[in-house]
Amino acid sequence: MKKHIGVLLSGRGSNSDALAASVAAGRIPNAEISIVVSNRETAQGIEKARARGIEARAIPSKGLEREAYDKLVVAALQEKNVDLVCLAGYMRLLSPYFVAAFPQRILNIHPSLLPAFPGLEPQRQALEHGAKFSGCTVHFVDENLDAGPIMMQAVVPIEDSDTPDTLAERILREEHRIYTEAVRIVLEGRYRLEGRRVLVTKQAREN
Ligand code: GRF
């Protein structure tokens, strides 16, 4: 049986598109992206998904309390029997209601080596801090910002000549690569959690 992925985004949607390309190419086997949801109607990611024939919906968040909004999004995901939720440039914190609806089944990608530089503009933060290496992190999502157990990371060296944009571009290439790998492992159940540590295993879990 195919696993159903739901993607949430707010903007450009390159990570969403990279996941879609990986599904289409079989790098994420036995899966489909069943729905893409954006909280912003103008997000380019919506058009990118539709161009691939993926159902994509804008559910505007304006004027709604966090939990009331999350109920709409969770309902849209449940309607599609989503097994795994992938946040891909989704600029909202999830409510405890949302997290409880998909326990250990929400991933996020962040363009820094967490726990360094959570939040906004992490590439600029890394440069301004004087870090010599940055990178990206795929992690499980909890109610806190960029804080859940780390699933996978990739390191990107910072060059003296870097600007936030050039660094972001090199990190983005690694994001697209590791998000695919992480989604595949999670869908195959090839990991176990020991406290905060995510240990990748050869065999799938029993459950
Ligand atoms: C990416 O850098 C992602 O790590 C961060 O927001 C950016 C979204 O880019 N959370 P895109 O919409 O996937 O192109």
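A few points on the structure. (Residues numbered from 1 in each chain as written. Predicted model: local features only at pLDDT ≥ 70, side-chain atom pairs only at ≥ 80, totals over all residues. Heavy atoms only, no water.)

## Digging into the nonpolar core
In a soluble, globular protein the nonpolar side chains are often hidden away together inside. This is how it is decided: The criterion is simple. A nonpolar core is a set of buried Ala, Val, Leu, Ile, Met, Phe, Trp, Tyr and Cys residues joined through side-chain atoms within 4.5 Å. Residue burial is assigned from relative accessible area. The probe radius is 1.4 Å, only protein chains are included, and a residue is buried under 20% of its type maximum, exposed over 50%, and partly exposed in between. Strands are runs of DSSP state E lasting at least two residues, helices are runs of H or I lasting at least four, and both sets are numbered from the N terminus onward. What counts as a domain boundary in this text is fixed by an automatic or database domain assignment. Contact between two residues is taken to exist if any of their heavy atoms lie within 4.5 Å; hydrogens are not considered.
Of all hydrophobic cores here, the largest spans 42 residues; its most connected members are Ile-5, Ile-33, Val-138, Met-151, Tyr-179 and Val-183. For this core, the element with the highest residue contribution is helix H6 (residues 164-187), accounting for 9 residues. Per-domain counts for this core show at least three residues from each of domain 1 (1-103) and domain 2 (108-207). When sequence neighbours within four positions are dropped, the list of residues in contact with Tyr-179 reads Asn-15, Leu-19, Cys-86, Leu-87, Ala-88, Leu-107, Asn-108, Ile-109 and Val-138.

## What to know about the sheet that holds strand E5 (residues 106-110)
Quick reminder of the rule: Paired strands, as defined in this entry, are two strands with at least two bridges between them according to DSSP. Fitted lines through C-alpha atoms give the axes, limited to the stretch in contact for helices. The angle between two N-to-C directions lies from 0 to 180 degrees.
Strand order in this open sheet of 7 strands is E3-E2-E1-E4-E5-E6-E7, and the pairing throughout is mixed. Either end of the sheet is taken by a strand with one partner, and the two such strands are strand E3 (56-58) and strand E7 (150-157). Neighbour-to-neighbour, the strand axes of the sheet open up by a mean angle of 20 degrees, direction not taken into account. Here strand E6 (residues 133-140) pairs with E7 via 7 bridges, running antiparallel. Across the sheet, Thr-137 pairs through a bridge with Gln-153, a residue of E7. Across the sheet, helix H3 (residues 66-79) lies against strand E1 (3-9), strand E2 (31-38), E3 and strand E4 (84-87), angled at about 155 degrees from E2, the strand it touches most.

## What about helix H5 (residues 122-129)?
Residues lying three or four places apart along an α-helix face the same way, a consequence of the helix completing one turn every 3.6 residues. Put simply, the test is: To be clear, the arc concerns the directions from the helix axis to the C-beta atoms.
Listing the buried residues of H5 in full gives Pro-122, Gln-123 and Ala-126. On an axial view of H5, the arc spanned by its buried residues comes to 105 degrees, and they lie on one face. The inward-facing, buried residues of H5 contact E5, E6 and H6. Two residues or fewer past H5, Gly-130 is found with a positive phi of approximately 85 degrees.

## Focus on the site of the ligand
The line we're drawing: A single heavy atom is enough: if one lies within 4 Å of a molecule or strand, its residue is considered near that molecule or strand. Here a polar contact means two N or O atoms within 3.5 Å. Within protein one must be a hydrogen donor candidate and the other an acceptor candidate, and residues neighboring in sequence count only if both atoms are side-chain atoms. Values of accessible area rely on a 1.4 Å probe in the Shrake-Rupley scheme; residue burial ignores everything except the protein chains shown. With a 1 Å grid spanning the protein atoms alone, the term cavity applies to any set of points in which a 1.4 Å probe fits but cannot get out, the term pocket to an open set with protein on both sides within 12 Å along at least five of seven lines, and the term lining residue to any residue with an atom within 4 Å of a point. Cavity and pocket membership follows a simple rule, namely that a molecule belongs there if more than half of its atoms are within 2 Å of the grid points.
Around the ligand, the neighbouring residues are Arg-12, Gly-13, Ser-14, Asn-15, Gly-89, Ile-109, His-110, Pro-111 and Glu-175. Interatomic distance of 2.7 Å between a backbone N/O atom of Gly-13 and an oxygen atom of the ligand. Against a free-state accessible area of 360 Å², the protein chains account for coverage of 86% of the ligand. Here the ligand is seated within the largest pocket. If you list the elements that add at least two residues to the shell around the ligand, you get helix H1 (14-24) and E5. Structurally, the shell around the ligand is a two-domain feature, drawing no fewer than three residues from each of domain 1 (1-103) and domain 2 (108-207).

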